[in-house]
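As a plain string of letters, each chain reads:
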Amino acid sequence: MSTQSKTSSRRQFLFVVLLALLASIAFQGSRGLYETTEGRYAEVAREMLRSGNYLEPTLLGLPHWSKPPLTYWAIALGLKIFGVNTWGARFYLVISFVLTVICVWKIAQTLWDKKSAYLSALVYTSSLMPLVSSNVVSTDTLLALWEALAIFAFWKAVRTQSKRWTVLVWLFLGMSFMTKGYPGLLPLLGMIPTQIYLRKTRGAQVPRLLIASGMLTFIAVGLGWYIFEAIKHPYLVPYWLGYEVVGRFSEESEFHNPHFYQAFEIYIPTLIFGTLPWSALLACKFKATKDIVKSALSKNALFKNPQNLFLFSYPLLSLVLFFMAKSKLQLYILPLFLPLSLTMGRALAAFLDLNVIKKRSTIRILAISGCIFIVALKALSGTSVVSSPHDMKRLSASIDEAVAARSFQLLVVYDKKLNGLAFYRDEILDHINPGMSDQLSEKVIAAFRNGKTPAVLLRADNVDLVSDALRRSGIPVTVKDLYGGWMLITCEQRS
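As a starting point, this report considers the structure included with it. Numbering of residues starts from 1 in each chain and follows the order in which that chain's sequence is written. Reporting in this predicted model follows two pLDDT cut-offs: at least 70 for local features of residues, and 80 or more for side-chain atom pairs to be given and counted; totals over whole chains, interfaces and linings ignore these cut-offs and use all residues. Each side-chain value is derived from all of the structure's non-hydrogen atoms; neither hydrogens nor water enter the calculation.

**Here's the deal with the pairing of strand β5 (residues 453-459)**
Our working definition: Here's how the labels work: a residue is buried when its accessible area is under 20% of the maximum for its type, exposed when over 50%, partly exposed in between, all with a 1.4 Å probe on protein chains only. Helix and strand labels come from DSSP, where a helix needs a run of H or I of at least four residues and a strand needs a run of E of at least two; each type is numbered from the N terminus. Only strands that DSSP links by at least two bridges are regarded as paired with each other.
Counting buried positions along β5 gives 5 out of 7 residues, so the element sits mostly inside the fold. Across 6 bridges, strand β3 (residues 408-413) lies against β5 in parallel orientation. Looking across to β5, one finds that valine 413 is bridged to leucine 458. The pairing of β5 with strand β7 (residues 486-491) spans 5 bridges and is antiparallel. Note on β7: the bridge partner recorded for valine 456 is isoleucine 489.

Quick look at the structure:
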């Protein structure tokens, strides 16, 4: 490669990384944490930080075993550095997103060439779903990073015939498993068919995927915490296997969007609109796109080029499992945007080679425009223009403005736990069911005894019920309107 070509590739790499960093970091702390997902993960991490117990997650003081702790550790690191605030909770997302973009570059470069690497990384950076996800506290952006690293290590193992890279595959799959459990193993749905085909056609030239050192690495990294906690708490084994694995494919009432048809409503639009603006560009070049896809999926091309087999089998087989699962949310399929970005990046490279797109600057301008659009949405979401009752940062600030007393105790009357509000209040809050008026009165009286002014947070449709119950107990109340249907009842001590 010439010096000029190396310089151009280096500039392209720096451009993509800088674009990913700026697009992800901009207005990251403006919008408050939303209930329920963001608030739940952030609150578990906050409680870890306050208790010093990083092995046993708790939520509002109670054991919370639904996810392994790696995401909580990542969030807690940001809280340790930046404090218990929105930016601290989302810090890990910026790092994870930028590193994932770099991984996409390295995967595409390993599979094809630097042009495809540049375009694939650009697609992932500016696509709607990956970039928006890099601003939502959950397991999925971190999971996408580990899966991208596992895919990169897999193809390096294939290309270099090195067992060291195979061990790294299992190391990163172990990190994926420590992030979200069994969904972290989905890249195997692409790796195993590809490995079988390569072993069949190339024999001993391709290192085995299932090797003892790799298995031991996965057990140590991916299963070590599970084994330790299962020995300590034996009831966790049936919970993890029965509820978190089998239950997600059999129990309908316990999960989000359990019906099969809802997969079409959730996942298909997410795949189409989540790849904007690139899905729109490919649609505009429909004939060229159709010819490229037809060529790539032909029997000869699919098996002659093992990367095509991988990029076809990984998302397709993963989608089958996502459709079968009872719990369905848009963020679950974020890792599938890795093979989608690689495929689209390769298609864009073919468009340039075939002169379907005449200027490379067109792609760069489209990527920048996509990022600017999403950054603008982020900026808008942090203003009063966008008023969501799920924004716990804004709710916490409005409570402070409404309560004149310096020392007050917040009581939440709601049928769901407001974990994000507990995060911003930096305390475990008392939650009371709207029908438990006697319990509320007792807590109000206890607050007075402790020298604090009780303030009751509730939804507007429960105000009459709760205020009447407090008045019947002889407690004078004042009702204040907050925002988004939230109300605050401040209680006065009986004379």
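**Brief notes about the packing of aromatic side chains**
We apply this condition: For this analysis, a ring pair means two rings from Phe, Tyr or Trp (six-membered ring only for Trp) whose centres lie within 6.5 Å, classed as stacked if their planes differ by under 30 degrees, edge-to-face if by over 60, and tilted for the remaining angles.
Evaluation of the coordinates by the stated rule reveals 28 aromatic pairs. Look at tyrosine 414 and tryptophan 486: their rings are 5.2 Å apart centre to centre, the planes differ by 65°, and that puts the pair in the edge-to-face class. You can see tyrosine 414 sitting in the loop between β3 and α20 (419-425) and its partner tryptophan 486 sitting in strand β7, a full 72 residues away along the chain. Residue tyrosine 414 is classed as partly exposed on the basis of its relative accessible area of 21%.

**Quick word on the environment of glutamate 38**
Counted only if it meets this: Working rule for contacts: check all heavy atoms of both residues, and any pair within 4.5 Å makes them a contact.
Along the chain, glutamate 38 turns up in helix α2 (residues 37-51). Overall, glutamate 38 belongs to the buried group, its relative accessible area being 3%. If sequence neighbours within four positions are ignored, glutamate 38 has contacts with Arg31, Gly32, Leu33, Arg90, Asn135, Val136 and Val137.

**Structural notes on the nonpolar core**
Formally: Nine residue types can take part in a nonpolar core, namely buried Ala, Val, Leu, Ile, Met, Phe, Trp, Tyr and Cys, and a core is a set of them joined through side-chain atoms within 4.5 Å.
Residues Leu395, Ile399, Leu421 and Leu457 are the most contacted members of the largest nonpolar core, which totals 134 residues. Residue contributions to this core peak at 14 residues, all from helix α7 (residues 140-160). Setting aside anything within four residues of it in sequence, one finds leucine 395 in contact with Leu418, Leu421, Leu457, Leu482, Tyr483 and Trp486.

**Overview of helix α5 (residues 114-126)**
Because each turn of an α-helix spans 3.6 residues, side chains separated by three or four positions in sequence point in the same direction. Note the following rule: An expected span of 1.5 Å times one less than the residue number is assigned to each helix. The definition of a polar contact used here is a pair of N or O atoms within 3.5 Å, where within protein one atom must be able to donate a hydrogen and the other to accept one, and adjacent residues in sequence count solely through side-chain atom pairs.
Its 13 residues give α5 an end-to-end C-alpha distance of 18 Å, which sits within 8% of 18 Å, the value for a rise of 1.5 Å per residue. The set of residues buried in α5 consists of Ser116, Ala117, Tyr118, Leu119, Ser120, Ala121, Leu122, Val123, Tyr124, Thr125 and Ser126. The N-terminus of α5 is capped by aspartate 113, whose side-chain oxygen sits 3.3 Å from the backbone nitrogen of lysine 115.

**What about the side chain of glutamate 229?**
Put simply, the rule reads: Neither His nor the chain ends is counted toward charge; the positive residues are Lys and Arg and the negative residues Asp and Glu. Within this document, salt bridges are pairs made up of a side-chain nitrogen of Lys or Arg and a carboxyl oxygen of Asp or Glu, the two lying within 4 Å of each other.
Within the fold, glutamate 229 resides in helix α10 (residues 212-232). Of the side chains with opposite charge, lysine 232 comes closest to the buried, unpaired glutamate 229, at an N-O distance of 5.2 Å. When neighbours within four sequence positions are excluded, glutamate 229 is seen to be in contact with Leu55, Glu56, Trp65, Leu236 and Trp240.

**Structural notes on the layout of surface pockets**
Selection rule: Detection works on a 1 Å grid of protein atoms alone, calling trapped sets that fit a 1.4 Å probe cavities and calling open sets with protein on both sides within 12 Å along at least five of seven lines pockets, with lining residues defined by an atom within 4 Å of a point. Grid points are joined across faces, edges and corners, and a volume is the space filled by probe spheres set on the points. Put simply, Ala, Val, Leu, Ile, Met, Phe, Trp, Tyr, Cys and Pro go in the nonpolar bin, Asp, Glu, Lys and Arg in the charged bin, and everything else, Gly too, in the polar bin.
Reported here for the second largest pocket is a volume of approximately 1100 Å³. Together, 34 residues line the second largest pocket, and Val293, Leu297, Leu340, Thr343 and Met344 are the ones closest to its centre. The element best represented in the lining of the second largest pocket is helix α17 (residues 337-353), accounting for 10 residues. In terms of residue class, the lining of the second largest pocket is made up of 24 nonpolar, 8 polar and 2 charged.

**Notes on unusual backbone geometry**
Each neighbour pair has its own omega, and for glutamate 35 with threonine 36 the value is 10°, a cis peptide bond. Its location among the elements puts threonine 36 in the loop between α1 (3-25) and α2. That bond from leucine 276 to proline 277 is cis: its omega, 5°, falls within 30 degrees of zero. Mapped onto the elements, proline 277 comes out in the loop between α12 (262-273) and α13 (278-284).

**A look at the pairing of β7**
Most of β7 is tucked away: 6 of the 6 residues are buried. In β7, alternate side chains face the same way, and those of Trp486, Leu488 and Thr490 on one face and Met487, Ile489 and Cys491 on the other are all buried. Here strand β6 (residues 477-481) runs beside β7; their pairing, made up of 5 bridges, is antiparallel. Paired with valine 479 across the bridge in β7 is isoleucine 489. Linkage of β6 to β7, two consecutive antiparallel strands, is achieved through a turn of 4 residues, within which glycine 484 is found at a positive phi near 60°.

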